[in-house]
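Observations on chain architecture
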There are 2 protein chains.
Amino acid sequence: MAAEGEPTRIMVAVNESTLKGYPHASISSRGAFDWTLKKIVRSNTSGFKLLFLHVQVPDEDGFDDVDSIFASPEDFASMKHQNKIRGIHLLEYFVKHCHDIGIACEAWIKKGDPKEVICHEVNRVRPDFLVVGSRGLGPFQRVFVGTVSEFCAKHAECPVITIKRSASETPQDP
Amino acid sequence: MAAEGEPTRIMVAVNESTLKGYPHASISSRGAFDWTLKKIVRSNTSGFKLLFLHVQVPDEDGFDDVDSIFASPEDFASMKHQNKIRGIHLLEYFVKHCHDIGIACEAWIKKGDPKEVICHEVNRVRPDFLVVGSRGLGPFQRVFVGTVSEFCAKHAECPVITIKRSASETPQDP
């Protein structure tokens with residue numbers, strides 16, 4: 001076996017849950033992260049470095065956040081700040097977990113269309129591979145929605161591994 | 001980090017070079033194998049087990065092997081035997097390498113359509129993930145040929161990582 005040189009750099013694209021009022025990492029993001037630790041990193045924490053990328057869609061929160069009224073530039077400034085706080089909160093989950101188990105990591109936020117930005121960041125950062133979670137949409141939904149994971153698997157300039165959420169993890173209607 | 005329990009089982013689909021008269025593992029198979037060792041297994045050889053699957057296309061050798069004359073059932077029997085020898089020779093390359101570095105492995109041969117058989121074997125063997133090499137066909141070639149890796153990425157019931165051959169490894173015309 002080759003001597004352990006530079007760690008393997010794994011980029012993990014993470015997003016928020018789409019459940020309203022639940023400002024946490026999505027089930028598929030956490031699933032992809034847990035899978036990477038359990039199946040790839042295992043006990044070899046010094047052999048890997050995790051790179052967490054969270055892409056915020058610029059307009060998303062403006063439409064979702066029905067309690068906000070945007071009447072002045074300051075309102076937008078505070079909204080942007082709030083987004084940033086939420087993004088940092090999201091990344092904190094992953095960074096804290098890495099810190100607890102002693103694996104090196106970096107985390108950052110970008111704005112834009114997630115699939116485009118992820119591929120752009122792959123080109124810029126050059127990870128050894130990319131891990132993306134997937135909600136596991138059925139063929140009917142996929143035709144209309146497409147998925148970030150499918151786009152990245154096709155267009156990202158590095159190997160991509162897609163971790164599908166298992167059926168048992170799909171949230172039930174309340 | 002969780003204690004090291006059962007090793008992570010990685011299935012690696014391998015095939016022969018398509019160069020005539022070159023009965024060795026394809027460049028893309030070797031690339032996928034080398035990548036897996038370097039980027040995933042690293043020094044943690046006890047944490048992983050590699051499962052090598054080689055799928056032989058039943059008719060392929062009958063058409064390719066222009067030196068053979070099939071005039072009796074015995075000729076076909078010997079051809080089948082010859083195929084088997086070639087498959088074993090191919091798998092020996094990978095098994096020997098694993099043995100040299102001390103990583104557990106299994107290897108076996110199946111007959112049929114590679115993409116269908118690989119997905120079937122994933123269902124049967126239940127690896128943690130599947131690694132497939134890809135020749136990195138351009139969009140024009142892909143429309144007509146399709147690729148085993150694309151089919152598996154879509155249909156295999158486990159995570160799939162496709163390792164594309166780099167441009168520098170593409171053989172030149174002699």
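Residues numbered from 1 in each chain as written. Chains lettered and ligands numbered in written order. Predicted model: local features only at pLDDT ≥ 70, side-chain atom pairs only at ≥ 80, totals over all residues. Heavy atoms only, no water.

Quick word on the overall build of chain A
To keep things clear, this is the line we draw: Where helices and strands are cited, they refer to DSSP runs of H or I of at least four residues and of E of at least two residues respectively, numbered from the N terminus. When a residue's accessible area, from a 1.4 Å probe over protein chains only, is under 20% of the maximum for its type it is buried; when over 50% it is exposed; and in between it is partly exposed. Residues count as neighbours in contact if any of their non-hydrogen atoms are within 4.5 Å of one another.
Each helix and strand counted, chain A has six helices and five strands in total. Sequence-ordered secondary structure for chain A, helices as α and strands as β, is β-α-β-α-α-β-α-β-α-α-β. By the burial criterion, 39% of the 174 residues in chain A qualify as buried. The long-range share in chain A, meaning contacts at least 24 apart out of those at least 6 apart in sequence, stands at 76%.

Remarks on the packing of aromatic side chains
Convention followed: Classification of ring pairs rests on two measures: the distance between centres of Phe, Tyr or Trp rings, Trp counted by its six-membered ring, which must be within 6.5 Å, and the angle between planes, read as stacked under 30 degrees, edge-to-face over 60 and tilted in between. Only lysine NZ and arginine CZ atoms are considered, and such an atom sits over a ring when it is within 6 Å of the ring centre and within 35 degrees of the ring normal.
All chains considered together, the criterion is met by ten aromatic pairs over all chains. Summarising the aromatic geometry, the rings of Tyr 93 of chain A and Phe 94 of chain A are spaced 4.9 Å apart at their centres and angled 90° between planes, so their arrangement reads as edge-to-face. Exposure remark for Tyr 93 of chain A: the relative accessible area of 35% places this residue in the partly exposed category. For the pair Phe 129 of chain A and Trp 35 of chain B, a centre-to-centre distance of 5.5 Å together with 70° between the ring planes defines the contact as edge-to-face. Of this pair, Phe 129 of chain A sits in strand 4 (residues 129-134) while Trp 35 of chain B is found in helix 1 (residues 27-41), placing the two residues in two different chains. Of the two residues, Phe 129 of chain A and Trp 35 of chain B, neither departs from the other in class, the shared state being buried. Ring-pair connections join several aromatic residues into one group, and the members of that group are Phe 33, Phe 52, Tyr 93 and Phe 94 of chain A. Seen from the ring of Phe 48 of chain B, Arg 42 of chain A lies directly overhead, with NZ or CZ sitting 5.9 Å from the centre. Over the ring of Phe 151 of chain A we find Lys 115 of chain A; its NZ or CZ atom is 5.5 Å from the centre of that ring.

Thoughts on the pairing of strand 2 (residues 48-56) of chain B
Residue and element names in this part refer to chain B. Using the following cut-off: When the strands point away from the viewer and the connection leading from the first strand across the helix to the second strand turns clockwise, the crossover is called right-handed. We call two strands paired when DSSP finds no fewer than two bridges between them.
Among the nine residues that make up strand 2, eight are buried, leaving the element largely enclosed by the rest of the structure. Crossover handedness for the path strand 1 (residues 8-14) to helix 1 to strand 2: right-handed. Two elements, strand 2 and strand 3 (residues 104-111), share eight bridges in a ladder whose sense is parallel. Bridge pairing in strand 3 links Val 55 to Lys 110.

Looking at the relation of the copies chain A and chain B
Keep this limit in mind: To superpose the copies, least squares is applied to the C-alpha atoms of every residue with a pLDDT of at least 70 in both.
For the pair chain A and chain B, the best superposition has an RMSD of 0.0 Å and corresponds to a rotation of 180° with a translation of 0.0 Å parallel to the axis. This pairing of chains is accounted for by a two-fold axis. When each C-alpha of chain A is compared by its distance to the rotation axis, Ile 161 of chain A comes out closest, at 2.5 Å. A symmetric contact is evident, with 100% of the interface residues of chain A recurring at the interface of chain B.

Points about the interface of chain A and chain B
So the rule is basically this: Using a 1.4 Å probe, buried area is obtained as the accessible area two parts lose upon being combined, added over both of them. For this analysis, a salt bridge means a side-chain nitrogen from Lys or Arg found within 4 Å of a carboxyl oxygen belonging to Asp or Glu. Polar contacts here mean pairs of N or O atoms no more than 3.5 Å apart (in protein, one a potential hydrogen donor and the other a potential acceptor; neighbouring residues in sequence count only if both atoms are side-chain atoms). Only Asp, Glu, Lys and Arg are considered charged, only Ala, Val, Leu, Ile, Met, Phe, Trp, Tyr, Cys and Pro nonpolar, and every remaining residue, Gly among them, polar.
At the junction of the two partners, chain A supplies 27 residues and chain B supplies 28 residues. Roughly 2200 Å² is buried in total at the junction of chain A and chain B, and carbon and sulfur atoms are behind 54% of that figure. One can count two salt bridges joining chain A with chain B. Here Lys 39 of chain A ties to Asp 128 of chain B by a salt bridge, and the two come within 2.8 Å at their closest N and O atoms. Run the count over chain A and chain B and you get ten residue pairs in polar contact (both at pLDDT 80 or more). Here the residues of the side of chain A that touches chain B sort into twelve nonpolar, seven polar and eight charged.

Section: the environment of Val 117 of chain A
Residues and elements named next belong to chain A. Along the polypeptide, Val 117 turns up in helix 4 (residues 114-125). For Val 117, a relative accessible area of 12% translates into the label buried. Separated by 64 residues in sequence, Val 117 and Leu 53 place their C-alpha atoms 9.4 Å apart. Each residue touching Val 117, except ones within four places of it in the same chain, is listed here: Leu 53, Val 55, Lys 110, Lys 111 and Gly 112.

Regarding the side chain of Gln 56 of chain A
Residues and elements named next belong to chain A. Its place among the elements puts Gln 56 in strand 2 (residues 48-56). At 3.2 Å, the side chain of Gln 56 forms a polar contact with the side chain of Lys 111. With sequence-adjacent residues up to four places away left out, Gln 56 is seen in contact with Asn 83, Lys 84, Gly 87, Ile 109, Lys 110, Lys 111 and Gly 112.

Regarding the state of the cysteines
Residue and element names in this part refer to chain B. The following threshold applies: The disulfide criterion is simple: two cysteine sulfur atoms within 2.5 Å.
Within this structure, the stated rule accounts for zero disulfides over all chains. Its sulfur unpaired, Cys 105 is 4.2 Å from the next cysteine sulfur, which belongs to Cys 98. Classification of Cys 105 as partly exposed rests on a relative accessible area of 23%. Looking at the unpaired Cys 158, the closest cysteine sulfur is the one in Cys 119, lying at 8.5 Å. The exposure class of Cys 158 is buried, given its relative accessible area of 12%.

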